[in-house]
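Chain and residue survey
Below, each chain spelled out in residue letters.
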Amino acid sequence: MDDEVGQALHKIARGTGIIFAGTVISMFFGFLSRVIIAREFSKAEYGVFNLALTVLSIGLVIATLGFPNALPREVAFYREKMPEKVDKLISTALIIVAVNSFVIMMLLIFGSGFIAQVFNEERLGYTLKVVVFALPFSALTGVIISTTQGFGRVREKVYFQNVVYPVLWLTLVLSFAVLNLPFASIFWAYVLAQSLTCLALFLEVFRVRIFEIKPYFDRKIGIKLVKFSVPLMLTGIAGFIMTWTDTLMLGYYKGSDVVGLYNAAAPLARLLPVFLNSAAFLYPAMVSPLYVQGKLEEMKRVYQVLTKWIFLLTLPIFSLMFLFPETVINFLFGAKYVSASSALQILALGFMFHTFLGLNGLSLVVIGESRFILISSIVSATFNVILNVMLIPVYGMEGAAVATAASYFLGNVLSSAKLYKETKIHPFSWNYVKPLVISFVLLGVIKGLNLKVPGIWYAVPILVVFLGVYTLLVLLSRSIDKEDVELLLAVEKRLGVDLGIIKRVLRRFV
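As a starting point, this report considers the structure included with it. (Residues numbered from 1 in each chain as written. Predicted model: local features only at pLDDT ≥ 70, side-chain atom pairs only at ≥ 80, totals over all residues. Heavy atoms only, no water.)

On to the overall build of the chain. Scanning the chain for helices and strands turns up 22 helices and 0 strands. For a compact globule of 510 residues, the expected C-alpha radius of gyration is about 24 Å, and the chain comes in at 23 Å, within 12% of that figure. Once the C-alpha set of the chain is aligned to its principal axes, its extents read approximately 65 × 60 × 40 Å. Evaluated residue by residue, the chain yields a buried proportion of 56% over its 510 residues. Residue pairs at least 24 apart in sequence account for 84% of intrachain contacts in the chain once pairs closer than 6 positions are excluded. Summed over all atoms, the accessible surface of the chain reaches about 22,400 Å², with 67% contributed by carbon and sulfur. Looking at charge distribution, the chain has the averaged site of its 44 positive side-chain charges lying 1 Å from that of its 29 negative ones. (Helix = DSSP H or I, 4+ residues; strand = E, 2+ residues; numbered from the N terminus. Rg over C-alpha atoms; globule rule 2.2 N^0.38 Å. Buried < 20%, exposed > 50% of the residue type's maximum accessible area, 1.4 Å probe, protein only. Contact = heavy atoms within 4.5 Å. Areas by Shrake-Rupley, 256 points an atom, 1.4 Å probe, with all protein chains shown as cover. Lys, Arg positive; Asp, Glu negative; His and termini not counted. Charge placed at Lys NZ, Arg CZ, Asp CG, Glu CD.)

With that out of the way, let us pick up a positive patch on the surface. Residues K85, R219, K220 and K224 make up a contiguous surface patch of positive charge. One can find R219 in helix α9 (residues 219-253). Taking relative accessible area as the criterion, R219 reaches 61% and is therefore assigned exposed. (Patch = residues over 30% accessible without salt bridge, like charges linked within 9 Å, V, L, I, M, F, W, Y side chains within 5 Å. Salt bridge = Lys/Arg side-chain N within 4 Å of Asp/Glu carboxyl O.)

One finds F49, W169, Y262, L268 and F333 to be the most contacted residues of the largest nonpolar core, which totals 98 residues. Ignoring any residue separated from it by four or fewer positions in sequence, one finds F333 in contact with F31, V35, A38, R39, Y46, N263, A264 and L268. Grouped together as the second largest cluster of nonpolar side chains are 26 residues, L89, A93, V205 and L225 included. (Core = buried A, V, L, I, M, F, W, Y, C linked by side-chain atoms within 4.5 Å.)

This paragraph deals with the pattern of salt bridges. Tallied over the entire structure, the rule returns 3 salt bridges. In this structure, the salt-bridge partner of R270 is D246, at a minimum N-O distance of 3.8 Å. With R270 in the loop between α10 (256-269) and α11 (274-280) and D246 in helix α9, the pair connects residues that are 24 residues apart, well separated along the chain. R270 gets classed as buried once you look at its relative accessible area, which sits at 18%. The buried category is assigned to D246, whose relative accessible area is 0%. Between E422 and K418 there is a salt bridge, with its nearest N and O atoms 3.0 Å apart.

The next subject is helix α18 (residues 397-423). One turn of an α-helix holds 3.6 residues; hence residues three or four places apart share an orientation. The end-to-end C-alpha distance of α18 is 39 Å, a good match for the 39 Å that 27 residues give at a rise of 1.5 Å each. One or two positions beyond α18, positive phi appears at K424, with a value near 65°. (Expected span 1.5 Å × (residues − 1).)

Throughout the structure, instances matching the rule amount to 18 aromatic pairs. When the ring of Y252 is compared with that of Y253, the centres are 5.1 Å apart and the planes differ by 85°; the resulting orientation is edge-to-face. Centre to centre, the rings of F428 and Y432 are 6.1 Å apart; their planes meet at 15°, and the pair counts as stacked. You can call F428 partly exposed: its relative accessible area is 35%. Cluster of aromatic residues (ring-pair linked, three or more members): Y46, F49, Y165, W169, F183, F187, Y190, F333 and Y337. Taking the ring centre of F322 as reference, the NZ or CZ of K447 above it sits at 5.4 Å. (Phe/Tyr/Trp six-rings, centres within 6.5 Å; stacked < 30°, edge-to-face > 60°. Lys NZ or Arg CZ within 6 Å of the ring centre and 35° of its normal.)

Right, let's get into the packing of helix α4 (residues 86-118) against helix α6 (residues 135-150). Axis separation between α4 and α6 bottoms out at 8 Å; the angle between their running directions is 155°. The angle between the axes of α4 and α6 places the two elements in the roughly antiparallel class. The hand of the α4/α6 crossing is right-handed. Across the interface between the two elements, I90, L94, V97, A98, S101, I104, M105 and L108 of α4 pack against L135, P136, A139, L140, V143, I144 and T147 of α6. (Axes fitted to C-alpha atoms, helices over the stretch in contact; angles between N-to-C directions. Parallel < 35°, antiparallel > 145°, perpendicular 65-115°, else oblique. Left-handed = near helix turned anticlockwise from the far one by under 90°.)

Further remarks concern unusual backbone geometry. Notably, N180 is not glycine yet its phi reads approximately 60°, a positive angle. Even without a glycine there, the phi angle at K424 is positive, about 65°. Within the secondary structure layout, K424 lies in the loop between α18 and α19 (430-449).

This brings us to the environment of I90. By the secondary structure assignment, I90 is in helix α4. Of the residues examined, I90 reaches a relative accessible area of 1% and is grouped as buried. Residues I90 and I373, spaced 283 residues apart in sequence, show a C-alpha to C-alpha distance of 26 Å.

When two helices pack together, their arrangement is given by the angle between their axes and by how far apart the axes lie. Viewed as axis vectors pointing N to C, helix α13 (residues 296-323) and helix α20 (residues 456-476) meet at an angle of 145°, and their least axial separation amounts to 10 Å. α13 and α20 meet at a crossing whose hand is right-handed. Every residue of α20 that contacts α13 at F311, L312, L315, P316, S319 and L320 is listed here: I456, A459, L463, F466, L467 and Y470. Considering only residue class, the contact of α13 with α20 consists of 11 nonpolar, 1 polar and no charged. (Nonpolar A, V, L, I, M, F, W, Y, C, P; charged D, E, K, R; others polar.)

There is a patch of nonpolar side chains on the surface, built from F114, V118, Y252, Y253 and V389 and spanning about 490 Å² of accessible area. Its place among the elements puts F114 in helix α4. With a relative accessible area of 58%, F114 lands in the exposed category.

What follows is about the environment of K88. Among the structural elements, K88 can be located in helix α4. Setting aside residues no more than four positions away along its own chain, K88 makes contact with Y216, D218 and I221.

Attention shifts here to the side chain of S415. Looking at the element boundaries, S415 is found in helix α18. Of the residues examined, S415 reaches a relative accessible area of 10% and is grouped as buried.

Attention shifts here to helix α7 (residues 155-178). Over its 24 residues, α7 runs 33 Å from end to end, which matches the ideal 34 Å to within 8%, given 1.5 Å per residue. Its maximal kink placed at V164, α7 deviates by approximately 25°, while the proline P166 follows within four residues. (Bend = angle between axes of the 7 residues up to and from the residue.)

None of this, on its own, says anything about what the molecule does.
Right under this line is the structure:
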């Protein structure tokens, strides 16, 4: 393997492992919290909970002005070119976000009544007035973590976003459920979890002295940062529309009951890009030097190997959701949410397509195509809104799922086409196409058998057999690359375990 390709893949693999471990912990505790809320309260109340957090998320995107996406690049740039101004950059960013998040918080408080009327849900007005107090804390946490990312650190994200906050949130939710406190208390628990996480993160930054936080505002740096970040904020808003339009429009057209049902399926489907998102954390930093040096073939190879690994790791999760959606939902959320199983299947297809094309959007960021990303995001988001308006009144949850899946399909096709046009980079090496075809055929065969699975423990053995046959066929088709073995060696070294048998098997089929 080319040294630079190998180094990039090794670093991404190590960082991905750490981020993935944190993400799994975060998702596990987050899902436990959701399951408790869904089981403890009615479907309508669970729907109100999701609507309130959706509105809060919109406010968060606007309050942070795209800084979480811009700061990793900006901090790295200032450290390289103007190290004496790094502290000024960070302090300026924190001040801007603190002020802006306070303004957005007040606007949401005063506008909560109107928002509740839009969704014809009286309880939403009060819950918004409570939950928006979490906004400044959540915004500042995001800015600090994105700043540490610019220093090449993953520790703060994993410790505080992936471990401290989910554990706090779950502990509070459990406590409130055991004490049988009223529904509104959940939102006070959310505010408390966000504020304590933010405080702990601030204290850690002061303790470790990653950077200095000073009450200093540099107007020129602020203007430059906002100009760079606003397009990313608009992209974030478009991405947010892609993510949450289905929930908001279901609330508008069908009410909080249907929102509650749908949000048994949607969070599950959004698990699918977990490996993709974990790899994304360090990907830009690793491939940017290759692009700057004009080494597009090396960048392409990193992209292809990484995409194949992401697909292979995601396949078991997708298979479980796609083949046995009723079983999965019943196991996690209970029988009253099983009617969301069709929506889960549709969403799983959309997010799997998003995953198997790889990190096309981040690759466009690396080559400087942020304007195209914004245009593509706006097109996809507009398409999403139109489809939701057309489909939800007729098909309900399934219509919302189709709209989301189709919009992700469109956005990924546009991004991949642009990436190929500018760099000739694509994910489809021959040793990636073969596993894709094998997986499609096997999934089609099992789906065609129309197996009736009464419980999750019946589904697991079927999945194990499927994966065993799949692995054997992948090996026999000689779909293993030299880079795959090298990547496994890097993982082995990182974990400190002996994967001798696996290495010997893989080497026989390279």
